[in-house]
Amino acid sequence: MAKDKSSTVQIQTYADHHVITQPNPLRKVLRRVAEKDLDDPVARAEKALAGLSGEFKNWMAAEADRLAAAHAAVLRDGFTKATREELFRAAHDIKGDAATFGFPSAGATAESLCRIIEHAPDLDKVPSDLIAHHINAIQAIVRERTKLDTASMASELSRQLRGVADEYLADVNRDRPEHLEAILAPSIVPAE
Amino acid sequence: MFRIDFNKLRFLVCDDNPHMRRILRTLLHSFGAREVYESEDGATALEMYSHYVPDIVITDWSMPIFDGLELAQMIRQPESKGNPFAPIIMLTGHSEKRRVTVARDAGVTEFLAKPISAKGLYQRILNVVANPRPFIKTKTYFGPDRRRNTANAYIGPERRIGGEVEVLQQPSLLDKARTSV
């Protein structure tokens, strides 16, 4: 594809490192356009994404079902390596996808659940209600989204759960500074 | 103002979540890309990387067995037969600063935290296409220069040491990788 046969790699050798520079192999895919160029690839992509949005509710429901199944496995088998990983991955996917699918509060609740799974020193000692409330909240947010006044309720529910989870994590990690630092560090994702 | 000819770029997308792969495929095709290869795990992605020699890799972090971080580390092997220089964009639900540092130290070129947006993805792609950074090889690291600040005022313990001793010219490893396919 983007290929420049005349390119050469330049290696500058220093005492403890090398700096390797090669002519930009992707340079040829760049083209200069007039400032007035009306083609907007970002707008085009946003429109295409909007075209997919009809499927988002079903996708979100599938993600929520997967989370519920992972939680059921934990309740049945306890926290094993496999059940912990699946619960984390299901929550982590919702954390990353839910806002795109139009369920930002489900994403925020899933993030709180991820933090519990990642930072609790012993998952078997986490109050089972704390995890169950997160799972149930996500299910409810996904199921009840179409009703009026649920957006603010979902946001409040998510905020309350995050508060409780953070309080718990701060307490159980009081002697684990590296976890405490991670828990208290701000997210790199800008707030809504 | 510059635009990217996406139809000349070959992408490899690696994400275990089929919904996210669909979204990425939709966005890339809307940008104009024609060649988008997809993998649902790191091991398959590595095979596809060697086979298709993509121009840009977009990978999730968290995947079962062989994750995106390991994929980046496997690609960034300076002695490998493949192209170790391809830009790697890590698209992930991880949103903690320490994760960015870990990804950077694995040789990831750009980090994009979910939720994904068309604008965010386009900007990362534009950045790796228009502003590639030189690669640094040390005893413990091979990847794009981790210092985006070009000022030389830093004098701390992690300052690279040593004056320039020699400059070698050799054929592009990217070309070598492509001709070996």
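In this text the structure is predicted, and so the values were computed from the model without any measurement. (Residues numbered from 1 in each chain as written. Chains lettered and ligands numbered in written order. Predicted model: local features only at pLDDT ≥ 70, side-chain atom pairs only at ≥ 80, totals over all residues.)

Is there a simple way to explain the pairing of strand S6 (residues 110–113) of chain B in this structure?
Both faces of the sheet carry side chains from a regular strand, because those side chains alternate between them. Bridge count for strand S5 (residues 88–92) of chain B against S6(B) is 4 bridges, and the pairing is parallel. Counterpart to B:Met90 in the pairing with S6(B) is B:Phe111. (Pairing = 2+ DSSP bridges. Helix = DSSP H or I, 4+ residues; strand = E, 2+ residues; numbered from the N terminus.)

So what exactly am I meant to see when it comes to the confidence of the model for chain A here?
Detailed conclusions should not be drawn from predicted coordinates in areas where pLDDT is low. All names here are of chain A. Residue-level pLDDT values for chain A average 90, and 92% of them are 70 or greater. For chain A, the element scoring lowest by mean pLDDT is strand S1 (residues 8–13), at 87; helix H2 (residues 56–77) scores highest, at 97. Here residues 2–6 is modelled with pLDDT under 50, and outside its nearest four sequence neighbours on either side it reaches 14 contacts, counting other chains as well. (pLDDT = per-residue confidence, 0-100. Contact = placed C-beta atoms within 7 Å.)

Quick question: what am I supposed to make of the environment of A:Val19 here?
Structurally, A:Val19 can be placed in strand S2 (residues 18–21). Separated by 160 residues in sequence, A:Val19 and A:His179 have C-alpha atoms that sit 35 Å apart. In this structure, A:Val19 is in contact with A:Gln12, B:Pro134 and B:Ile136, ignoring residues within four places of it in sequence.

What am I meant to see in the packing of H2(A) against helix H5 (residues 128–143) of chain A here?
Any two packed helices are characterised by how steeply their axes cross, that is the angle between the axes, and by the distance between the axes. Residues and elements named next belong to chain A. Taken N-terminus to C-terminus, the directions of H2 and H5 make an angle of 160°; their axes are 10 Å apart at the nearest point. Judged by the angle between their axes, H2 and H5 are roughly antiparallel. Classified by chirality, the crossing of H5 by H2 is left-handed. Residues Met 60, Ala 61, Ala 64, Leu 67, Ala 68 and His 71 of H2 pack against Ile 135, Ile 138, Gln 139 and Val 142 of H5. Of the residues assigned to the contact of H2 with H5, the class counts are 8 nonpolar, 2 polar and no charged. (Axes fitted to C-alpha atoms, helices over the stretch in contact; angles between N-to-C directions. Parallel < 35°, antiparallel > 145°, perpendicular 65-115°, else oblique. Left-handed = near helix turned anticlockwise from the far one by under 90°. Nonpolar A, V, L, I, M, F, W, Y, C, P; charged D, E, K, R; others polar.)

I'm lost on helix H3 (residues 81–97) of chain A in this one. Help?
Residue pairs spaced three or four apart in an α-helix point in one direction, given the helix's 3.6 residues per turn. The end-to-end C-alpha distance of H3(A), which contains 17 residues, comes to 24 Å, matching closely the 24 Å that a straight helix rising 1.5 Å per residue would cover. Within H3(A), the full set of buried residues consists of A:Leu87, A:Arg89, A:Ala90, A:Ala91, A:His92, A:Asp93, A:Ile94, A:Lys95, A:Gly96 and A:Asp97. (Expected span 1.5 Å × (residues − 1). Buried ≥ 20, exposed ≤ 12 C-beta atoms within 10 Å, placed from the backbone.)

In this structure, what is going on with the sheet that holds strand S4 (residues 56–59) of chain B? I would like to understand it.
Whether parallel or antiparallel, the strands of a sheet pair through hydrogen bonds between backbone atoms. Residue and element names in this part refer to chain B. Pairing in this open sheet of 5 strands is parallel, and the strands run S3-S2-S4-S5-S6 from one edge to the other. A single partner strand is all that each edge strand has here, and the edge strands are strand S3 (35–39) and S6. Going across the sheet, the axis of each strand differs from the next one's by a mean of 20°, ignoring polarity. Helix H1 (residues 18–31) contacts strand S2 (10–14), S3 and S4 of the sheet and is inclined by roughly 170° relative to S3.

When you look at the pairing of S4(B) in this model, what are you seeing that I'm missing?
The side-chain alternation of S4(B) yields two buried faces, one formed by B:Ile56 and B:Ile58 and the other by B:Val57 and B:Thr59. Each parallel crossover has a hand, and for S4(B) linked through helix H3 (residues 68–75) of chain B to S5(B) it is right-handed. (Right-handed = clockwise from strand over helix to strand, strands pointing away.)

How should the nonpolar core be read in this particular structure?
Looking at soluble globular proteins, one finds that nonpolar side chains tend to be buried together. Grouped together as the largest cluster of nonpolar side chains are 49 residues, with contacts concentrated most on B:Phe11, B:Ile56 and B:Val57. Mapped by element, the contributors of at least two residues to this core are S2, H1, helix H2 (42–52), S4, H3, S5, S6 and helix H5 (118–130) of chain B. When near neighbours in sequence (up to four residues on either side) are disregarded, B:Phe11 contacts B:Leu28, B:Ala33, B:Glu35, B:Val36, B:Tyr37, B:Pro54, B:Ile56 and B:Ile58. One finds A:Met60, A:Phe103, A:Val142 and A:Leu169 within the second-largest nonpolar core, a separate group that totals 32 residues. (Core = buried A, V, L, I, M, F, W, Y, C linked by C-beta atoms within 7 Å.)

Is there a simple way to explain the packing of H2(A) against H3(A) in this structure?
Residues and elements named next belong to chain A. Remark: H2 packs on H3, axes separated minimally by 9 Å, with the N-to-C direction vectors making an angle of 155°. By the angle between their directions, the pair H2 and H3 is classed as roughly antiparallel. Regarding H2 and H3, the two cross each other, and that crossing is left-handed. Contacts between H2 and H3 involve Glu 63, Arg 66, Leu 67, Ala 70, His 71, Ala 73, Val 74 and Asp 77 on the former and, on the latter, Thr 83, Glu 86, Leu 87, Ala 90, Ala 91, Asp 93, Ile 94 and Asp 97. The residue makeup of the contact of H2 with H3, split by class, is 8 nonpolar, 2 polar and 6 charged.

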